[in-house]
Amino acid sequence: MYYRHKLDYKYPEKSDEHMIHVKHLRDTNFDENYEYVEKGLWHKIKRGALWVALNTVGFLACRIKHGVKIYGRENLKKYKDLFKNGAITISNHVLMWDYLCVLRAIRPRLQRFPAWKTNFEGPNGPLIRWVGGIPIPTHSFRAMAKFKAALEDVLKTKKWVHFFPEGSMWFYYPDIRPLKKAVFKYAVEFDKPIVPITLSFRPRGGIYKLFGKAPLVDVTVGEPITADKTVDKRTATDIMHKAAYRIMQGMAGIFPGDATYNEDQNIDNYVKTM
C-alpha cells in the first residue's frame, strides 16, 4: 500500500505547519462564550439530516473523487464490546475530504473532531461545523479552557471523537508525520481505546486516469490500542504514543529499515521526505 506520487507539491519545513491558505469570509469570536459543541433539538435534527446526506451524496462523491477503498472494517465488529463507551479515532491528514473517508470507514458512527479555527472562517466553515468540527482557539486561555471543557464533555459520553494528531493537512503526503501527544493523554484520562486509521495511496488506473493525476486512496482501519493500566498515566501515554506511531507507519506500508521509517516524534527534528 506504499506509493509515492510525483506531484509538484511543496511541503512546509515543519511537520505541523499548514500548507493550505483559507479564503477569509467571516470573523468569528472564538472566546469563552462561544458554543464549541452545539446541543439541543435543532442540532439533533441537523445531525440526522447530515447522516442522510452523507449516505446519499457525501460518501458516493468521496468514492468517485478519490476512488476510496476501505480495509479493516472487520476490526470494528471484532472489538465492538470494547467500544461500548465510545472511542477515539486518529488518522494522518492528507486530503481536504479525508474526514469523510474516516466517517465512511467507521459508519454508521458520527463523531466530533477538533479542527483548525481558520477553516471555520472560510468557505467550508458551516459544513465543517455541521459534520462535527470543534474549532481550536489559539489566542485566549479562557477560550482554550472552554474548548477543552466542551471536548471533555464529549469524551465523557459514549460518543466517538476523531483527531488528526499530525496537526495539519499535507496533500497526498505518503509518510506518517510525528503525532502530537495530547490525543493520547485524552485516551488515558478518559479510558478510551484508540482506533488507528491510515490513508495511503495507489496510482490511478482504468477510468480514473481520465479524471486527474492525484493518486487514489486506500483507508485502513487498524485494531484498537488500549492504555496500560498497570503503569502511571504519564508512562501509559508515552506507550500509546509510540505504539500508535509504529502501527500507523506499518499500516501505511512503512517498516523499520525502510528509508522513511521514523521513531523520533519530536516535531522540531522531523525532516520531510518529499
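A brief report on the enclosed structure follows. The structure presented is a predicted model; accordingly, all values stated were derived computationally and were not measured.

This part takes up the overall build of the chain. Within the chain, the regular secondary structure consists of seven helices and seven strands. Mapped from its N terminus to its C terminus, the chain presents α and β elements in the order α-β-α-β-α-β-α-β-α-β-α-β-β-α. Relative to its length of 274 residues, the chain is compact, with a C-alpha radius of gyration of 18 Å against a globular reference of 19 Å. With the principal axes as the frame, the chain shows a C-alpha extent of 45 × 45 × 40 Å.

Remark: helix H6 (residues 182-189) packs on helix H7 (residues 233-251), axes separated minimally by 9 Å, with the N-to-C direction vectors making an angle of 125°. Regarding the angle of H6 to H7, the classification is oblique. For H6 against H7, the interelement crossing comes out right-handed. In this structure, H6 uses Phe184, Lys185, Ala187, Val188 and Glu189 to contact H7, whose residues at the interface are Lys233, Ala236, Thr237, Met240, His241 and Ala244.

Another point: the pattern of salt bridges. Summed over the entire model, instances satisfying the criterion amount to 12 salt bridges. For Lys272, the salt bridge is made with Glu13, and the minimal N-O distance between the two is 2.9 Å. Remark: Glu13 occurs in the segment before helix H1 (41-66) and Lys272 occurs in the segment after H7; sequence separation between them is 259 residues. By relative accessible area, Glu13 is classed as exposed at 56%. A salt bridge links Glu166 to Arg177; its shortest N-O distance comes to 2.9 Å. Taken together, the residues Glu166 in the loop between strand E5 (160-163) and H6 and Arg177 in the loop between E5 and H6 connect sequence positions 11 residues apart. Arg177 matches Glu166 in its accessibility class, with the two residues each being buried. Taken together, the shared-partner salt bridges in this structure form one network comprising Glu38, Lys46 and Arg129.

Before going further, it helps to spend a moment on the environment of Leu199. Within the secondary structure, Leu199 is located in strand E6 (residues 194-202). The class for Leu199 is buried, based on a relative accessible area of 2%. When the C-alpha atoms of Leu199 and Asp218 are compared, they prove to be 5.6 Å apart, with 19 residues separating the residues in sequence. Once residues within four sequence positions are removed from consideration, Leu199 is found in contact with Ser91, Asn92, Val94, Leu95, Asp98, Cys101, Val217, Asp218 and Val219.

Calculation criteria
- Residue numbers run consecutively from 1 along every chain, following the written order of its sequence.
- Thresholds applied to this predicted model are a pLDDT of at least 70 for local features of residues and 80 or more for the giving and counting of side-chain atom pairs; totals over whole chains, interfaces and linings are not thresholded and use all residues.
- Computation of side-chain values covers all heavy atoms of the structure but excludes hydrogens and water.
- To qualify as a helix, a DSSP run of H or I must reach at least 4 residues; to qualify as a strand, a run of E must reach at least 2; elements of each kind are numbered from the N terminus.
- Put simply, the radius of gyration uses C-alpha atoms, and a globule should come to 2.2 Å times the residue count raised to 0.38.
- Angles run from 0 to 180 degrees between N-to-C directions of axes, and those axes are lines fitted to C-alpha atoms, restricted for helices to the stretch in contact.
- Angle categories: roughly parallel below 35 degrees, roughly antiparallel above 145, roughly perpendicular from 65 to 115, and oblique for all the rest.
- Crossing chirality is assigned from the near helix's rotation relative to the far helix, an anticlockwise turn below a right angle marking it left-handed and a clockwise turn marking it right-handed.
- Only heavy atoms enter the contact rule, under which two residues are in contact if any of them lie within 4.5 Å.
- By salt bridge we mean one thing: a side-chain nitrogen of Lys or Arg within 4 Å of a carboxyl oxygen of Asp or Glu.
- Any residue under 20% of the maximum accessible area for its type is buried, any over 50% is exposed, and the rest in between are partly exposed; the area is computed with a 1.4 Å probe on protein chains only.

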